[in-house]
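# Analysis of the macromolecular model
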Amino acid sequence: SQQGEEDPQALSIQEGENATMNCSYKTSINNLQWYRQNSGRGLVHLILIRSNEREKHSGRLRVTLDTSKKSSSLLITASRAADTASYFCATNQEAGTALIFGKGTTLSVSS
Amino acid sequence: NAGVTQTPKFQVLKTGQSMTLQCAQDMNHEYMSWYRQDPGMGLRLIHYSVGAGITDQGEVPNGYNVSRSTTEDFPLRLLSAAPSQTSVYFCASRPGPGEKLFFGSGTQLSVL
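Residues numbered from 1 in each chain as written. Chains lettered and ligands numbered in written order. Predicted model: local features only at pLDDT ≥ 70, side-chain atom pairs only at ≥ 80, totals over all residues. Heavy atoms only, no water.

Per the secondary structure count, chain B includes zero helices and eleven strands. Listing the helices and strands of chain B from first to last along the sequence gives β-β-β-β-β-β-β-β-β-β-β. Taking 112 residues into account, the globule formula puts the C-alpha radius of gyration at 13 Å, and chain B, at 13 Å, falls close to it. Viewed in the frame of its principal axes, chain B has a C-alpha envelope of about 35 × 25 × 25 Å. (Helix = DSSP H or I, 4+ residues; strand = E, 2+ residues; numbered from the N terminus. Rg over C-alpha atoms; globule rule 2.2 N^0.38 Å.)

Structure representation (structure tokens):
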């Protein structure tokens, strides 16, 4: 089945550094979404980028989408310890179908 | 609004027992989904619904049943629990196609 695959699986950085996570997917999509999950909690939506968009910003988050390469990246600038969490990309193949998630990237930000 | 509410938060079953995981949302969302999360596997879609009376299978539907008699509720049934169903289960909903998901807080299920 279609699934986003995040890279790297785990990332450790210092506070103030930037964190970049990548997502690759297999087939054409309607949109791609990024979610965050703190340990032991449910997922929280971060940002949605549609297939006709190339870049989107939300606060310290920057998402890019390259449909020709079937890939997306999530950049968190000036990371904080509170950004420590798992981050998942999810793809929506076409309107009306459910979101399919990748396996996630675990980000650890140390102070 | 309470959002998406899942019950119970924790459950221990013996192999072969049956149970229902409850999910309710008060946002009048048409779409509802069930996912399971296992270490190293991310979230995998079990079943989903695009409206009352309409359900469909996801990536890992075997061993699970769902129904959607109302817009608000989307219960997940395990007819005969197996140890392989030990997992954390998340229910999620969204207003319409292509929109973002709102997640419940999860149910941690152990099958012995």
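A word on the side chain of Thr71(B). Mapped onto the elements of the fold, Thr71(B) is located in the loop between β7 (64–66) and β8 (76–78). For Thr71(B), a relative accessible area of 19% corresponds to the buried category. (Buried < 20%, exposed > 50% of the residue type's maximum accessible area, 1.4 Å probe, protein only.)

Moving on to the pattern of salt bridges. Residues and elements named next belong to chain A. What the rule picks out here adds up to six salt bridges over all chains. Between Arg62 and Glu55 there is a salt bridge, with the nearest N and O atoms lying 3.2 Å from each other. Given a relative accessible area of 38%, Glu55 falls into the partly exposed group. If you follow the salt bridges from partner to partner, you end up with Arg36, Arg60 and Asp83 in one network. (Salt bridge = Lys/Arg side-chain N within 4 Å of Asp/Glu carboxyl O.)

Before going further, it helps to examine the environment of Ser33(B). Among the secondary structure elements, Ser33(B) is positioned in strand β4 (residues 31–38). Separated by 41 residues in sequence, Ser33(B) and Phe74(B) place their C-alpha atoms 8.0 Å apart. Ignoring anything within four residues of it in the chain, the contact list for Ser33(B) reads Ala98(A), Leu45(B), His47(B), Tyr48(B), Phe74(B), Phe90(B), Cys91(B) and Ala92(B). (Contact = heavy atoms within 4.5 Å.)

This next bit is on the state of the cysteines. Across all of its chains, the model carries two disulfides over all chains by this definition. Here Cys23(A) engages in a disulfide with Cys89(A); their sulfurs sit 2.0 Å apart. Disulfide Cys23(A)-Cys89(A): the torsion about the S-S bond is 65 degrees, which places it as right-handed. With Cys23(A) in strand β3 (residues 19–24) and Cys89(A) in strand β9 (residues 85–92), the pair connects residues that are 66 residues apart, well separated along the chain. Exposure class is identical for Cys23(A) and Cys89(A). Each is buried. Two residues, Cys23(B) and Cys91(B), share a disulfide whose sulfurs are 1.9 Å apart. (Disulfide = S-S within 2.5 Å.)

Attention now moves to the sheet that holds β8(B). As a general point, the strands of a sheet are linked pairwise by backbone hydrogen bonds and lie either parallel or antiparallel. Residue and element names in this part refer to chain B. Strand order across the open sheet formed by four strands is β1-β3-β8-β7, with antiparallel pairing between neighbours. A single partner strand is all that each edge strand has here, and the edge strands are β1 (4–7) and β7. Adjacent strand axes in the sheet meet at a mean angle of 20 degrees when their direction is disregarded. With three bridges joining them, β7 and β8 adopt antiparallel strand pairing. Opposite Tyr64, over in β8, you have Leu78 as the bridge partner. (Pairing = 2+ DSSP bridges. Axes fitted to C-alpha atoms, helices over the stretch in contact; angles between N-to-C directions.)

On the side of chain B, 22 residues touch chain A, which itself brings 23 residues to the contact. At the boundary of chain A with chain B, total buried surface from both sides reaches about 1600 Å², with 55% on carbon and sulfur atoms. Remark: the boundary between chain A and chain B carries six residue pairs in polar contact (both at pLDDT 80 or more). Every element with two or more residues in the side of chain A that touches chain B is listed here: β4 (31–37), β5 (43–50), β9 and β10 (100–101) of chain A. (Buried area = accessible area lost by both parts, 1.4 Å probe. Polar contact = N/O pair within 3.5 Å; in protein donor to acceptor, adjacent residues only side chain to side chain.)

A separate point is the nonpolar core. Of all hydrophobic cores here, the largest spans 21 residues; its most connected members are Met21(A), Leu32(A), Trp34(A), Leu74(A), Ile76(A), Tyr87(A) and Leu107(A). Of all elements in the fold, only β2 (10–14), β3, β4, β5, β7 (61–66), β8 (71–76), β9 and β11 (105–110) of chain A reach the threshold of two or more residues within this core. Residues in contact with Leu107(A), not counting those within four places in the same chain, are Leu11(A), Ile13(A), Ala19(A), Met21(A), Ile76(A), Asp83(A), Thr84(A), Ala85(A) and Tyr87(A). Counting 18 residues, the second largest nonpolar core, distinct from the first, contains Val4(B), Met32(B), Ile46(B) and Val111(B). (Core = buried A, V, L, I, M, F, W, Y, C linked by side-chain atoms within 4.5 Å.)

A few words on the side chain of Ser79(A). In this structure, Ser79(A) sits in the loop between β8 and β9. If near-sequence neighbours (up to four positions away) are discounted, Ser79(A) is found in contact with Ile13(A), Glu15(A), Gly16(A), Glu17(A), Asn18(A), Ala19(A), Arg60(A) and Val109(A).

The next point concerns the sheet that holds β3(A). Residue and element names in this part refer to chain A. Taken in spatial order, the five strands line up as β1-β3-β8-β7-β6 in an open sheet, and their pairing is antiparallel. Looking at which strands have only one partner, the edges of the open sheet turn out to be β1 (5–7) and β6 (55–58). Adjacent strand axes in the sheet meet at a mean angle of 20 degrees when their direction is disregarded. Pairing of β3 with β8 involves six bridges; the strand directions are antiparallel. Of the residues in β8, the one forming a bridge with Ala19 is Ile76.

Function cannot be inferred from these measures alone, as they are strictly geometric.
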